[in-house]
Amino acid sequence: LAPQASVADPATELTRRGAVMAAAQEKYYERPPQIERGWRDLLIDTRGRSYVDMVNNVAVIGHSHPRFTRAVSDQLALLNTNSRFLYSALADLCERIVEKSPDPSLDTVLLVNSGSEAVDLALRLARIHTGRGNVVALREGYHGWTMASDAVSTSAFDNPYAAASRPGWVHIADVPNAYRGTHRGAGAAAEYAADLARLLDDPSGPGVDLAAFISEPVLGNAGGIVPPAGYLSRVYEHIRARGGLCIADEVQVGYGRLGSHFWGSAQQGVVPDIITVAKAMGNGYPLGAVLTRRDIAESLAREGNFFSSAGGSPVSCVAGLAVLDVIRDEALQQNADAVGRHLAGRLAELAARHPMIGKVHGMGLYQGVELVRDRDTREPATSETAAICERMLELGVIVQPASERQNVLKIKPPLCLSRESADFFVDRLD
Ligand code: PLP
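Residues numbered from 1 in each chain as written. Predicted model: local features only at pLDDT ≥ 70, side-chain atom pairs only at ≥ 80, totals over all residues.

### Some remarks on the pairing of strand E5 (residues 134–138)
Looking along a regular strand, one sees the side chains alternate between the two faces of the sheet. In terms of burial, E5 is largely enclosed, as 5 of its 5 residues are buried. Looking at chain direction, E5 and strand E7 (residues 210–215) are connected through 4 bridges and run parallel. Paired with Asn 134 across the strands is Leu 210, a residue of E7. Judged from the 4 bridges that link them, E5 and strand E6 (residues 170–173) form a sheet pairing that is parallel. What sits directly across from Leu 138, in E6, is Ala 173. (Buried ≥ 20, exposed ≤ 12 C-beta atoms within 10 Å, placed from the backbone. Helix = DSSP H or I, 4+ residues; strand = E, 2+ residues; numbered from the N terminus. Pairing = 2+ DSSP bridges.)

### Let's talk about the confidence of the model for the protein
Per-residue pLDDT for the protein has a mean of 92; in total, 91% of the residues score no lower than 70. For this predicted complex, the interface confidence reaches an ipTM of 0.99, while the overall pTM sits at 0.94. (pLDDT = per-residue confidence, 0-100.)

### Considering the site of the ligand
If you check the shell around the ligand, you find 14 residues, and the closest are Ser 114, Gly 115, Ser 116, Gly 144 and Val 251. Take the shell around the ligand: its biggest share by element is 3 residues, from helix H5 (residues 115–130). Class assignment of the residues belonging to the shell around the ligand gives a composition of 4 nonpolar, 7 polar and 3 charged. (Near = placed C-beta within 6 Å. Nonpolar A, V, L, I, M, F, W, Y, C, P; charged D, E, K, R; others polar.)

### Description of the sheet that holds strand E14 (residues 397–398)
Spatially, E1-E2-E3-E14 is the arrangement adopted by the 4 strands of the open sheet, whose pairing is mixed. Each of the sheet's edge strands pairs with one partner strand only, and the pair in question is strand E1 (35–39) and E14.

### Section: the sheet that holds E6
Spatial strand order, E4-E10-E9-E8-E7-E5-E6: 7 strands in an open sheet with mixed pairing. In this open sheet, the two strands that pair with only one neighbour each are strand E4 (108–112) and E6. Across the sheet, the mean angle from the axis of one strand to that of its neighbour is 20°, orientation sign disregarded. Against the sheet, helix H12 (residues 294–303) touches E4, strand E9 (274–277) and strand E10 (288–292), its axis set at about 50° to E4. (Axes fitted to C-alpha atoms, helices over the stretch in contact; angles between N-to-C directions. Contact = placed C-beta atoms within 7 Å.)

### Side note on the environment of Leu 106
For Leu 106, the location among the structural elements is in the loop between helix H4 (88–99) and E4. The sequence separation of Leu 106 and Arg 293 amounts to 187 residues, and the corresponding C-alpha distance is 4.6 Å. Among all residues touching Leu 106, those that are not within four sequence positions of it are Ser 101, Ile 275, Leu 291, Thr 292 and Arg 293.

### Things to note about the packing of H5 against H12
Relative to each other, H5 and H12 sit at 80°, their axes nearing to 9 Å. One element, H5, and the other, H12, form an angle in the roughly perpendicular class. Of the residues in H12, those in contact with Leu 125, Ile 128 and His 129 of H5 are Ile 296, Ser 299, Leu 300 and Glu 303. Partitioning the contact of H5 with H12 into residue classes produces 4 nonpolar, 2 polar and 1 charged. (Parallel < 35°, antiparallel > 145°, perpendicular 65-115°, else oblique.)

### Quick look at the domain arrangement of the protein
Under the domain assignment, the protein is made up of domain 1 (10–61 + 331–429) and domain 2 (67–329). If you look at the interface, domain 1 gives 29 residues, while domain 2 gives 30 residues. Within the residue set of the side of domain 1 that touches domain 2, elements represented by two or more residues are helix H14 (332–353), strand E11 (357–363), strand E12 (366–374) and strand E16 (408–411). If you tally residues by element for the side of domain 1 that touches domain 2, the top one is H14, at 5 residues. Looking at the side of domain 1 that touches domain 2, its residues break down into 12 nonpolar, 9 polar and 8 charged. (Domains from an automatic or database assignment.)

Shown next, in the form of structure tokens:
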């Protein structure tokens with residue numbers, strides 16, 4: 001590719017041209033680069049500088065993968081939109097997702113265009129299937145920007161505009177953060193789950209008219225928080241005992257990111273009733289899905305309406321198939337496991353001699369480096385984290401804070417991250 005004419009200040013230039021969203025996404029940097037192209041785990045700007053991409057949880061198979069590019073462009077030339085008749089790529093993709101299902105009971109797929117839509121649909125399915133209204137979500141969780149997915153996200157809990165509009169059916173339980181939260185000892189899993197049971201049974205609580213519980217199996221925007229072992233299975237028991245369904249939002253952690261398991265819920269030892277997935281699924285192409293039980297999906301067919309003009313279009317489906325092929329053929333889940341362990345080891349080594357690292361959360365290629373001013377008080381090093389991100393950019397690494405925990409460097413690179421790139425990141429951070 002020929003480099004574009006470079007501009008003195010790309011952010012100002014883009015804003016001038018009306019790209020308000022693009023500018024908003026660059027809020028972390030004083031002088032953000034203008035990224036022109038990508039290759040595997042690298043991004044390259046208009047000046048030809050390359051950066052290790054430690055934040056792109058969408059391009060799981062890597063940027064500009066030739067097999068993906070070829071599959072998508074071939075399909076574009078053949079049939080680029082829904083014809084209103086079934087096509088084989090759609091059936092093939094649904095079948096392939098069901099093959100990856102964590103449990104035989106989850107055998108039905110509904111395709112949409114994004115994670116937010118998948119969450120909206122999951123909430124709708126739960127409410128239609130149970131005939132009930134209430135939903136319990138976790139503080140510091142993130143599930144999307146559409147009205148229903150936003151309502152169960154922290155953005156709606158603490159933002160005054162959204163809190164005023166947060167519907168009465170949404171109830172919030174504490175995030176099970178054993179480093180910072182109210183329960184930190186060996187009993188944290190049971191204590192957090194008991195808190196949630198108390199919330200359910202509060203006379204004005206959600207337990208009576210309970211439709212669902214939704215959570216990320218490992219919480220991304222909260223800083224890569226892995227719930228203490230046994231927490232999620234206890235919560236699922238409490239929810240099911242009261243007739244609710246359990247939704248696992250796997251938009252960030254599904255598709256092998258955790259390394260040890262294809263699904264985050266499997267890593268946590270639970271079988272959800274509904275799984276939502278997106279991001280990785282299309283490697284950047286708009287594609288999301290709900291994976292659920294047939295009886296739940298049939299409730300929607302019976303009593304609701306579900307139609308998406310572009311959801312599961314031929315091009316998205318072919319993109320989705322290419323992603324699954326590459327993950328399998330290039331053993332990317334195994335790479336996430338191996339490089340993730342290597343990275344965790346290097347970060348643990350760094351933490352042992354660097355007083356600013358309070359804790360390394362997460363697993364696989366989904367980690368959170370929590371920066372503190374003092375290890376004993378655990379005071380968050382928030383402004384320092386922003387400065388570190390700016391400096392890392394100069395050193396050739398794109399890394400950003402977790403949105404609900406601005407003192408946590410959130411690590412969520414393409415699953416093809418090389419060991420060399422992981423080392424490059426840790427050496428620069430050091
Ligand atoms: N759920 C989770 C866990 C997410 O992280 C996100 C996006 O960051 C979403 C849902 C929403 O997905 P999308 O941005 O594709 O609408």
